[in-house]
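# Analysis of the macromolecular model
Chain by chain, the residues:
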Amino acid sequence: MTPATVSATAPVRPRSSSFGGVNATFIGYELRRRFNRQTTIFTLLLPAVLYLALFRTAPAHGTLPHGNFAAWMMIGLAVYGAAMAATSSAATISVERSAGWMRTIAMSPLAPPGYLLVKVVCSVVMAAVPVAIVGVLGALTGAHTDPKVWVTSLLFAWLGAAVFAALGIAMGLIMKPEVVMHMPGLTMTALAFLGNLFIPLSGTMLEISRYTPMYGVSTLARYWLTEGYTFSGEHSSLAGAVVNIVAWFAAFSFMALRRFAKSTGRN
């Protein structure tokens, strides 16, 4: 009997729910896969180096309601590091797809939403590493804000990584492994510039920024530091940031689910 015959005749086990088949063993396996040496070093070093290069580049006449420019940059680089780590981690699904693992999933009780949820959760856990590193660097280099703002901002910077984990999964299911390995860094850096993370934006560039994926997370993470105001005095609403996050997460998740269904032949 050939493998094709086995694949064609093997029964597909019924799914009890959209998240059927998710268990602690599978989650533990996914977490161990993500914390490899090469990926961990990369996600630690890049946000840290960028923070050290940028935290003293404050605008000449810029002030913040609840802290200083170093805290503003620390939060922005925490968002960037979390997004980079989550996207890179989630995009490794491309290796599973190229190895035919998706067909195995199709014959298991693990439903697509559950499988993808585990990928997102584990990628978000991975994203905590650069957030913690940048937070420590901020404390050591004079970032100043209230303790409540500090904790709240870094927490939202970390949790916002879920948006980019969904993007990473979509990228991994669309692109080949040899291509996708180069994409998270390029994509996240471009989105970070557009999302007001590295350089304070104003005017037309700020208006363009409001429609990009990182705008919502960066605005939400910094809101308790800035009260929504930019260094040039323009205001960004909290509701607008939340709508941005929900819209992009929904779009990336829909794209990932559609590509996953095509990869497995399951609806």
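Along every chain, residues carry numbers that run from 1 in the direction the sequence is written. In view of the model being predicted, local features appear only for residues whose pLDDT reaches at least 70, and side-chain atom pairs are presented and counted only at 80 or more, with totals across whole chains, interfaces and linings using the full set of residues. Where side-chain values are given, they derive from all heavy atoms of the structure, hydrogens and water being excluded.

## Looking at the overall build of the chain
Let me state the cut-off plainly: Secondary structure follows DSSP: runs of H or I at least 4 residues long count as helices, runs of E at least 2 residues long count as strands, and numbering of each begins at the N terminus. Burial classes follow relative accessibility: with a 1.4 Å probe on protein chains only, a residue under 20% of its type's maximum area counts as buried, one over 50% as exposed, and anything between as partly exposed. Whether two residues are in contact is decided by their heavy atoms, any of which lying within 4.5 Å being enough. The Shrake-Rupley method, run with a 1.4 Å probe sphere, supplies the accessible areas, and residue values consider only the shown protein chains as cover.
Along its length, the chain carries 14 helices and zero strands. Residues classed as buried in the chain amount to 46% of the 267 residues present. A separation threshold of at least 6 residues defines the contact pool for the chain, and within that pool the share at least 24 residues apart is 81%. Just so you have it, the chain exposes about 12700 Å², and 69% of that area is on carbon and sulfur atoms.

## Observations concerning helix α8 (residues 147-159)
As a reminder of what qualifies: Expected helix span is taken as 1.5 Å per residue step, with the number of steps being one fewer than the number of residues.
In this model α8 runs 18 Å from its N-terminal to its C-terminal C-alpha over 13 residues, within 8% of the 18 Å that 1.5 Å per residue would give. Buried within α8 we find V149, W150, T152, S153, L154 and A157. Of the surrounding secondary structure, the elements contacted by the buried residues of α8 are α4 (69-90), α7 (112-140), α9 (161-174) and α13 (213-226).

## Details of the packing of α4 against α13
Basically, it comes down to this: Here an angle of 0 to 180 degrees is reported between the N-to-C directions of two axes, which are lines fitted to C-alpha atoms, with helices fitted over the stretch in contact. In this scheme, roughly parallel covers angles under 35 degrees and roughly antiparallel covers those over 145, while 65 to 115 is roughly perpendicular and the rest are oblique. In this scheme, a crossing is called left-handed if the near helix is turned counterclockwise away from the far one by less than a right angle; it is called right-handed if the turn is clockwise.
It is at 10 Å that the axes of α4 and α13 come closest, and there the two elements cross at 150°. With respect to α13, the element α4 is oriented roughly antiparallel. When you trace α4 past α13, the crossing you get is right-handed. Together, A71, W72, I75, G76, V79 and A83 of α4 and M214, V217, S218, A221, R222, L225 and T226 of α13 make up the contact between the two elements.

## Describing a nonpolar patch on the surface
To keep things clear, this is the line we draw: Residues form patches when they are more than 30% accessible in relative terms and have no salt bridge. Like charges link within 9 Å. Nonpolar side chains (Val, Leu, Ile, Met, Phe, Trp, Tyr) link within 5 Å. A carboxyl oxygen of Asp or Glu within 4 Å of a side-chain nitrogen of Lys or Arg is what we treat as a salt bridge.
A cluster of nonpolar side chains, contributed by I41, L45 and V49, occupies part of the molecular surface with about 270 Å² of accessible area. If you trace the backbone, I41 turns up in helix α3 (residues 37-54).

## Observations regarding the side chain of T226
Within the secondary structure, T226 sits in helix α13. The contact partners of T226, leaving out residues within four places of it in the chain, are L64, P65 and W72.

## Points about the UniProt feature "transmembrane region" (unreviewed entry) in the chain
Operational definition: UniProt positions are given in the numbering used here, feature names are shortened, and annotations may be inferred rather than shown by experiment.
Cross-referencing UniProt, the feature "transmembrane region" (unreviewed entry) maps to residues 41-58, 70-95, 116-143, 149-174, 186-206 and 238-257 in the present numbering. The span residues 70-95 is 92% helical and 0% strand by assignment, and the distance between its end C-alpha atoms comes to 39 Å. The distance separating the terminal C-alpha atoms of residues 149-174 is 38 Å; by composition the span is 96% helix and 0% strand.

## Some words on the nonpolar core
Inclusion rule: The nonpolar core is taken to be a set of buried Ala, Val, Leu, Ile, Met, Phe, Trp, Tyr and Cys residues, with the residues joined through side-chain atoms within 4.5 Å.
Membership of the largest hydrophobic core comes to 71 residues, with the highest contact counts inside it found for Y51, Y115 and M188. It is α4 that contributes the most residues to this core, 17 residues altogether. With residues up to four places along the chain from it excluded, the contact list for Y51 reads A70, M73, M74, L77, L137, G138, T141 and A143.

## Notes on the packing of aromatic side chains
The cut-off we apply is this: Working definition: rings of Phe, Tyr and Trp (its six-membered ring) pair if their centres are within 6.5 Å, and the pair is stacked with planes under 30 degrees apart, edge-to-face with planes over 60 apart, and tilted otherwise.
This structure, assessed with the given rule, holds nine aromatic pairs. Here F69 and W72 contribute two aromatic rings whose centre-to-centre distance is 5.4 Å and whose plane-to-plane angle is 20°, an arrangement assigned as stacked. Taken as a pair, F69 and W72 lie in helix α4 at a separation of three residues, close to a single helical turn. The exposure classification of F69 matches that of W72, with both residues buried. Here the aromatic rings of Y80 and F198 are separated by 5.1 Å at their centres, their planes lie at 70°, and the arrangement is edge-to-face. Of the two residues, Y80 sits in helix α4 while F198 sits in the loop between α11 (183-194) and α12 (203-209), which places them 118 residues apart along the sequence.

## Examining unusual backbone geometry
Note: most peptide bonds trans; most residues except glycine with negative phi. Phi at N196 takes a positive value of approximately 70°, unusual for a residue other than glycine. Positionally, N196 belongs in the loop between α11 and α12. You can call N196 buried: its relative accessible area is 11%.

## Let's talk about the packing of α8 against α13
Put simply, the rule reads: The nonpolar class holds Ala, Val, Leu, Ile, Met, Phe, Trp, Tyr, Cys and Pro. Asp, Glu, Lys and Arg form the charged class, and all remaining residues, Gly among them, are polar.
One can describe the packing of α8 onto α13 by two numbers: an axis separation of 8 Å at closest approach and a directional angle of 175°. Regarding the angle of α8 to α13, the classification is roughly antiparallel. Of the residues in α13, those touching α8 at V149, T152, S153, F156 and A157 are V217, L220, A221, W224 and L225. Here the contact of α8 with α13 is built from residues that sort into eight nonpolar, two polar and no charged.

## A few points about the pattern of salt bridges
Scanning the model with the defined rule gives one salt bridge in all. With a shortest N-O distance of 3.2 Å, E207 and R210 are connected by a salt bridge. Owing to a relative accessible area of 38%, E207 belongs among the partly exposed residues under this scheme.

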